[in-house]
Amino acid sequence: MMRDTLLEAVRSALGTLGVDPVPDAVVIERPANREHGDWSTNASLVCAKIAKMNPRALGEALAAELGAQDLPHVEGLEIAGPGFVNFRLAPTWLHDVLRDVVTAGVDFGRQDLGGGASINVEFVSANPTGPLHAGGGRWGAFGDSLCRVFERCGYVPHREYYINDRGVQTVLFGQSLVARKNGEEPPEGGYVGQYIVDWAAEMPDDADPTQWGRDRSLTEVRESLASMNVRFDSWSSEKALVDAGAMEVTLDALRATGKVFEEEGATWLRTSDFGDDKDRVLIKADGEPTYFLPDIAYHRDKFDRGDHLIDVLGADHHGYAPRMKAALEILGHGTDDYEVIIGQNVKLMRDGEEVKISKRAGTMITIDDLVDEVGPDVARFAYLLQSIDSSQTIDIDVLKAQAAENPVFYVQYAFARISAIGDKAAERGVTRADLADVDLSPLSHERELELLRQLSVFDETLALACRERAPHKITAWVRELASAFHGFYYDCPILRDDVDDDTRQARLWLTEAARTGLLVGLDLLGVDAPEQM
């Protein structure tokens, strides 16, 4: 990569000048303003104190030394501001990007940030008491795409769904089904909605309503998420975990740490010693465990399926992370072994008004409602347009439109256009020559270079999406790549009779590189790359 080549050159030049680079402080990055060049380094600023020189003077000395190295593709070096050294590169460096993308193929962007470390990502985990609300689709799309990002960055992700199938809510759910089956109103605090009526009619007379309702709900959830290309590696039952004695074993392990104490008839965990704002009750005075104890047991169990745990939770769980982190530290896990990602709610709009009523559930909009309206690819792409920690408004009318205003249509249409170019080329008997035999120097139009620049930033975009747990950055990159391709398509003809063969061959390979980028990007988002639309 060009960044690595330049960084090595900068470190070498500093060494020649007798300056020991500050570890990890010297970086090569893209200037915010492209007029300042293609790449820039802060080396003069972070090493000035060590060199006992003014930063700008060190920058001038560094630029002179770099100029003497005869670096590939570098056409000019400039000193900017207090001492930044900016590199201006010939378009040939972007031609190398094309070769790298095509050579990598489906492995484009793959890197080893994780070194094979395993990450357990728990997401969605809605109570098994009904269909999945459309808001849960956001968690599903986010969690699955985050795992895809982790995979491409060298981690081994484990997708996990926690089934909260123990407690008052599941009992009330079963009672609500029985009531509707008998033509009665659900009990106070029970579940309402058309789905309760429909499911009650399906329930066999001899079924255990709580167990049958749980299984019926999970079937609905599985199918809804699968329709959006969301899958899980394991579905963990709270009831099964508790029935197996995990809660008692965990309580014994906590007692062994000396951080459990008794007060006012209750059993407490001293989480305040580990950053929590107060100590937490494990067992109430009446002998019943709080939700916290089985949750600790569950997270303790999850470390069997990942070296690092990530919980993707709703906006009402802001206070959850400190207490769970404290409990896991008490059990001997590291402070960085557990993290929580808090997501925000989704609001659906149609005809300028919020949509609140479901065709199926009667009380909420379900994932199935949204998928029926706009299709699975559109729904999933829409969920991934924004950071999950921001509230989201989805306009169904925009998503149903087959127009540029529809973000997923705009991207998928770019891929379909590339496929159409291939079909037309085949009809005319035009084939791509071997890349090694193709002269890429005709690729000098700004539209061509912009498309290559977008491909060149994928590695760093992917790494950033991984570090920041932000698959929406891939969505933004895919949209920018599609935009760059559409611009190239309009301004740089490929098969037209007046295009010379050298230019045609170079543009055919540029098109193939764009196809690869779109294919990989859409796969990370869990969205299809259609060859026809």
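Just so we're clear, the structure is a prediction, and the values are computed from it rather than from any experiment. (Residues numbered from 1 in each chain as written. Predicted model: local features only at pLDDT ≥ 70, side-chain atom pairs only at ≥ 80, totals over all residues. Heavy atoms only, no water.)

A.B. asks: Explain the overall build of the protein chain here, please?
C.D. replies: When you go through the protein chain residue by residue, the secondary structure sums to 20 helices and 15 strands. Seen along its three principal axes, the alpha-carbon backbone of the protein chain occupies a region of about 80 × 65 × 40 Å. Counting contacts in the protein chain only where the partners sit at least 6 residues apart, residues at least 24 apart contribute 70% of the total. The distance from the centre of the 54 positive side-chain charges to the centre of the 90 negative ones in the protein chain is 2 Å. (Helix = DSSP H or I, 4+ residues; strand = E, 2+ residues; numbered from the N terminus. Contact = heavy atoms within 4.5 Å. Lys, Arg positive; Asp, Glu negative; His and termini not counted. Charge placed at Lys NZ, Arg CZ, Asp CG, Glu CD.)

A.B. asks: Looking at this structure, how should I read the pairing of strand β3 (residues 74-80)?
C.D. replies: Looking along a regular strand, one sees the side chains alternate between the two faces of the sheet. Pairing geometry for β3 and strand β4 (residues 84-89), over six bridges, is antiparallel. Among the inter-strand pairings, L77 is bridged to a residue of β4, identified as F87. Joining the antiparallel neighbours β3 and β4 is a turn of three residues, in which G81 adopts a positive phi near 55 degrees. (Pairing = 2+ DSSP bridges.)

A.B. asks: Would you explain the packing of aromatic side chains in this entry?
C.D. replies: How two aromatic rings sit relative to each other is set out by the distance from centre to centre and by the angle between their planes. For the structure on display, the rule yields 17 aromatic pairs. Seen in terms of ring centroids, Y161 and F232 are 5.4 Å apart; in terms of plane orientation they differ by 85 degrees. Their pairing is edge-to-face. Of the two residues, Y161 sits in strand β6 (residues 156-163) while F232 sits in the loop between α8 (209-227) and β7 (234-237), which places them 71 residues apart along the sequence. We classify Y161 as buried; its relative accessible area is 0%. Take F232: its relative accessible area is 12%, and that puts it in the buried class. (Phe/Tyr/Trp six-rings, centres within 6.5 Å; stacked < 30°, edge-to-face > 60°. Buried < 20%, exposed > 50% of the residue type's maximum accessible area, 1.4 Å probe, protein only.)

A.B. asks: Help me understand the sheet that holds strand β2 (residues 39-41) in this model?
C.D. replies: Note on sheets: strands pair through backbone hydrogen bonds, and any given pair is parallel or antiparallel. Sheet architecture is open: four strands sit in the order β1-β2-β4-β3, paired in antiparallel fashion. Of all strands in the sheet, those with a lone pairing partner are β1 (28-29) and β3, marking the two edges. In the sheet, β2 pairs with β4 via three bridges, with the strands oriented antiparallel. For W39, the partnering residue across the bridge sits in β4 and is F87.

A.B. asks: Please clarify how the sheet that holds strand β10 (residues 280-283) should be interpreted in this entry.
C.D. replies: Taken together, the three strands give an open sheet; going across it, the order is β8-β9-β10, and neighbouring strands pair in antiparallel fashion. With one partner strand each, in any of the chains shown, β8 (260-263) and β10 form the two edges of the open sheet. Within this sheet the neighbouring strands show an average axis-to-axis angle of 45 degrees, counted without direction. Across four bridges, β8 lies against strand β9 (residues 266-269) in antiparallel orientation. Considered in β9, the bridge of E262 is made with T267. (Axes fitted to C-alpha atoms, helices over the stretch in contact; angles between N-to-C directions.)

A.B. asks: Any chance you could explain the packing of α8 against helix α13 (residues 367-374) here in plain terms?
C.D. replies: For any two helices packed against each other, the geometry comes down to the angle between their axes and how far apart the axes lie. Two elements in contact, α8 and α13, have axes separated by 10 Å at closest approach and are oriented at 30 degrees. As far as their axial angle goes, α13 and α8 are roughly parallel. In this structure, α8 meets α13 at a crossing whose hand is left-handed. Only I367, D368 and V371 of α13 make contact with α8, whose side of the interface consists of E220, S224, L225 and S227. (Parallel < 35°, antiparallel > 145°, perpendicular 65-115°, else oblique. Left-handed = near helix turned anticlockwise from the far one by under 90°.)

A.B. asks: Got a minute to help me understand the pattern of salt bridges in this structure?
C.D. replies: Think of it this way: side chains of opposite charge can pair up when their charged atoms draw near. Enumeration over the complete set of coordinates arrives at 40 salt bridges. Among the salt bridges present, the one from E373 reaches K400, with a minimum N-O distance of 3.3 Å. Here K400 lies in helix α15 (residues 396-400) and E373 lies in helix α13, a separation of 27 residues in the sequence. Linked by salt bridges that have partners in common, D144, R148, E151, R159, R380 and D523 make up one network. (Salt bridge = Lys/Arg side-chain N within 4 Å of Asp/Glu carboxyl O.)

A.B. asks: Just to check I follow, could you spell out a negative patch on the surface for this structure?
C.D. replies: Residues D351, E353, D395 and D397 make up a contiguous surface patch of negative charge. Along the chain, the position of D397 falls in helix α15. Looking at D397, the relative accessible area reads 34%, which means it is partly exposed. (Patch = residues over 30% accessible without salt bridge, like charges linked within 9 Å, V, L, I, M, F, W, Y side chains within 5 Å. Areas by Shrake-Rupley, 256 points an atom, 1.4 Å probe, with all protein chains shown as cover.)

A.B. asks: What exactly am I supposed to notice about the packing of helix α16 (residues 407-427) against helix α19 (residues 472-491) here?
C.D. replies: Where α16 meets α19, the axes come as close as 9 Å, and the angle between the chain directions of the two elements is 45 degrees. In this view, α16 runs oblique relative to α19, as classed from their interaxial angle. Read as a crossing pair, α16 and α19 show a hand that is left-handed. Residues P407, Y410, V411, Y413, A414, R417, I418 and I421 of α16 touch α19, and the partners they reach there are V478, R479, A482, S483, F485, H486, Y489 and Y490. Residues of the contact of α16 with α19, tallied by class, amount to twelve nonpolar, two polar and two charged. (Nonpolar A, V, L, I, M, F, W, Y, C, P; charged D, E, K, R; others polar.)

A.B. asks: Just to check I follow, could you spell out the side chain of D295 for this structure?
C.D. replies: Relative to the helices and strands, D295 is located in helix α11 (residues 292-302). Despite being buried, D295 has no salt bridge partner; R166 is the closest side chain of opposite charge, sitting 7.9 Å away. Residues contacting D295, with those up to four places away along its chain left out, are Y162, Y320 and M324.

A.B. asks: What is the right way to look at unusual backbone geometry in this model?
C.D. replies: Most peptide bonds adopt trans geometry, and most residues besides glycine take a negative phi value. A positive phi angle, close to 45 degrees, is found at S125, a residue other than glycine. If you trace the backbone, S125 turns up in the loop between β5 (118-122) and α5 (134-152). The backbone of N229 shows a phi angle near 65 degrees, a positive value even though the residue is not glycine. Position of N229 relative to the elements: it lies in the loop between α8 and β7.

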